[in-house]
Amino acid sequence: MIPLPRELRQCRDCGESVLITVTRLGRYLLVDPRPDERGNQACYRVGPRVWHSRSLDAAGAMPPAAWEHRYVPHVATCKPKKPKATQEALPILPANVTRLDPKRRRRRRSR
Ligand SMILES: [Zn+2]
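Residues numbered from 1 in each chain as written. Predicted model: local features only at pLDDT ≥ 70, side-chain atom pairs only at ≥ 80, totals over all residues. Heavy atoms only, no water.

Draft legend 1. Spatial organisation of the nonpolar core. Counting 6 residues, the largest nonpolar core is built from Leu 8, Leu 19, Val 31, Cys 43, Trp 51 and Tyr 71. When neighbours within four sequence positions are excluded, Val 31 is seen to be in contact with Val 18, Leu 19, Thr 21, Gln 41, Cys 43, Tyr 71, Val 72, Pro 73 and His 74. (Core = buried A, V, L, I, M, F, W, Y, C linked by side-chain atoms within 4.5 Å. Buried < 20%, exposed > 50% of the residue type's maximum accessible area, 1.4 Å probe, protein only. Contact = heavy atoms within 4.5 Å.)

Here it is, written out as structure tokens:
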């Protein structure tokens with residue numbers, strides 16, 4: 001099964017076409033738009049513009065069924081055009097100075 005052009009979206013990071021699928025846990029998973037035998041995701045259309053995916057690497061996973069095709073998760077092929085902001089991009093502080101802002105952010109999130 002091959003997605004229709006109108007079912008594809010553009011990846012926000014690299015601009016390539018991707019197919020958005022829903023995993024068995026209800027999470028979104030982006031896969032590359034063409035079936036690929038190297039892929040570890042079994043994908044199939046369940047309704048108009050709705051695709052499901054399941055991991056073939058999961059413990060006890062069944063092999064792909066007749067209505068499923070293998071797809072590669074897009075995260076494996078995505079080449080972001082602009083690098084994401086990381087901590088390495090922050091200014092380098094002297095060895096005896098502790099950066100407080102990442103710790104503050106972490107603490108706020110855990111509440
Ligand atoms: Zn991408």
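Alright, that's what it looks like, and here's the rest.
Draft legend 2. The arrangement of a nonpolar patch on the surface in detail. On the surface, a nonpolar cluster with roughly 300 Å² of combined accessible area is contributed by Ile 20, Tyr 28 and Leu 30. Tracing the sequence through the fold places Ile 20 in strand β2 (residues 17–22). Looking at Ile 20, the relative accessible area reads 33%, which means it is partly exposed. (Patch = residues over 30% accessible without salt bridge, like charges linked within 9 Å, V, L, I, M, F, W, Y side chains within 5 Å. Areas by Shrake-Rupley, 256 points an atom, 1.4 Å probe, with all protein chains shown as cover. Salt bridge = Lys/Arg side-chain N within 4 Å of Asp/Glu carboxyl O. Helix = DSSP H or I, 4+ residues; strand = E, 2+ residues; numbered from the N terminus.)

Draft legend 3. Representation of the coordination of the zinc ion. Around the zinc ion, the protein supplies Cys 11 (SG), Cys 14 (SG), His 74 (NE2) and Cys 78 (SG) as donor atoms, at distances of 2.0 to 2.3 Å. Taken together, the 4 donor atoms coordinating the zinc ion span angles of 106 to 113 degrees at the metal, a pattern that classifies the geometry as tetrahedral. If you list the donors of the zinc ion from N- to C-terminus, the spacing comes out as C-x2-C-x59-H-x3-C. Accessibility classification places Cys 11 together with Cys 14 in one group, the buried group. (Donors = N, O, S within 2.8 Å, 3.2 Å for Na, K, Ca; no water. Tetrahedral: all angles 85-135°; square planar, octahedral: opposite > 155°, others 65-115°.)

Draft legend 4. Quick look at the environment of Pro 73. As for its position among the elements, Pro 73 is in the loop between β6 (69–71) and α1 (101–110). Other than its neighbours up to four places away in sequence, Pro 73 contacts Leu 30, Val 31, Asn 40 and Gln 41.

Draft legend 5. Structural detail: unusual backbone geometry. Despite not being glycine, Arg 49 has its phi angle at roughly 60 degrees, a positive value. Relative to the helices and strands, Arg 49 is located in the loop between β4 (41–47) and β5 (50–55).

Draft legend 6. Up close: the pattern of salt bridges. Applying the stated criterion across every chain, the model contains 3 salt bridges. In this structure, Glu 7 engages Arg 45 in a salt bridge whose closest nitrogen and oxygen atoms are separated by 2.9 Å. Linking Glu 7 in the segment before β1 (8–10) with Arg 45 in strand β4, this pair joins segments that are 38 residues apart in sequence. When its relative accessible area of 28% is taken as the criterion, Arg 45 is described as partly exposed.

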